[in-house]
Amino acid sequence: MDDDLVYKKPRKGPALAPSADSALPTLESLQEKQRSELIEMAQVRYGIKGSKVQINLTSIQINSVMTEAQIFKALLAAPESERADQILYALAKGDLSADMANQILASLALLGKFKKIKIEP
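Report on the accompanying structure. (Residues numbered from 1 in each chain as written. Predicted model: local features only at pLDDT ≥ 70, side-chain atom pairs only at ≥ 80, totals over all residues. Heavy atoms only, no water.)

A few words now on helix H1 (residues 27-45). For H1, built from 19 residues, the straight-helix expectation of 27 Å at 1.5 Å per residue is met to within 8% by its first-to-last C-alpha distance of 27 Å. Listed in full, the buried residues belonging to H1 are Leu38, Ala42 and Gln43. Projected onto a plane normal to the axis of H1, the buried residues spread over an arc of 130° and lie on a single side. (Helix = DSSP H or I, 4+ residues; strand = E, 2+ residues; numbered from the N terminus. Expected span 1.5 Å × (residues − 1). Buried < 20%, exposed > 50% of the residue type's maximum accessible area, 1.4 Å probe, protein only. Arc of directions from axis to C-beta.)

Relative to the helices and strands, Ser36 is located in helix H1. Classification of Ser36 as partly exposed rests on a relative accessible area of 37%. For the pair formed by Ser36 and Ala98, sequence separation is 62 residues and the distance between their alpha carbons is 8.0 Å.

This part takes up the packing of helix H3 (residues 83-93) against helix H4 (residues 98-116). In the contact formed by H3 and H4, the axes pass within 10 Å of each other and the chain directions differ by 175°. Put simply, H3 runs roughly antiparallel to H4. Each of Arg83, Ala84, Ile87, Leu88 and Leu91 in H3 lies in contact with H4, whose residues at this interface are Ala98, Ala101, Ile104, Leu105 and Leu108. Classifying every residue of the contact of H3 with H4 by side-chain character gives 9 nonpolar, no polar and 1 charged. (Axes fitted to C-alpha atoms, helices over the stretch in contact; angles between N-to-C directions. Parallel < 35°, antiparallel > 145°, perpendicular 65-115°, else oblique. Contact = heavy atoms within 4.5 Å. Nonpolar A, V, L, I, M, F, W, Y, C, P; charged D, E, K, R; others polar.)

Let us look at H4. In this model, H4 (19 residues) spans 27 Å end to end at C-alpha, consistent with the 27 Å of a helix rising 1.5 Å per residue. When H4 is considered as a whole, its buried residues turn out to be Ala98, Met100, Ala101, Ile104 and Leu108. The buried residues of H4 all sit within an arc of 160° when viewed along its axis, so they share a single face. Across H4 from its buried face, at more than 90 degrees, point the exposed residues Lys113 and Phe114. In this fold, the buried residues of H4 make contact with H1, helix H2 (68-75) and H3.

In this structure, Ile62, Ile71, Leu75, Ile87, Leu91, Leu96 and Ile104 are the most contacted members of the largest nonpolar core, which totals 21 residues. Among the secondary structure elements, those contributing two or more residues to this core are H1, H2, H3 and H4. Ile71 has contacts with Ile62, Met66, Ile87, Leu96, Met100 and Ile104, leaving out every residue within four places of it along the chain. (Core = buried A, V, L, I, M, F, W, Y, C linked by side-chain atoms within 4.5 Å.)

Okay, here's the thing in structure tokens:
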């Protein structure tokens, strides 16, 4: 008779070792999937992939050799309401990497939240 007062979960079969079939995806594969989905979404949105659409954005020059600071400076020439679209459009055309676009979009969102904060003296 077992008089042990500590609960022990009954074991079923051999110790559970992760099998090759149920292995979780790597962080790198998830990031690559996210990048490719972001690029595809931008390409569909701006008519580069799929049906043609009319793009009416302020003309600014963004390219892959620019730094984040240079891109923000270029964005100042565009209306504030177009800035995120400018980044997605540059991504869709291949003028910006997905990582840089994601970083800039996150910064734009953060700046937008800061603008809404009211500081009282």
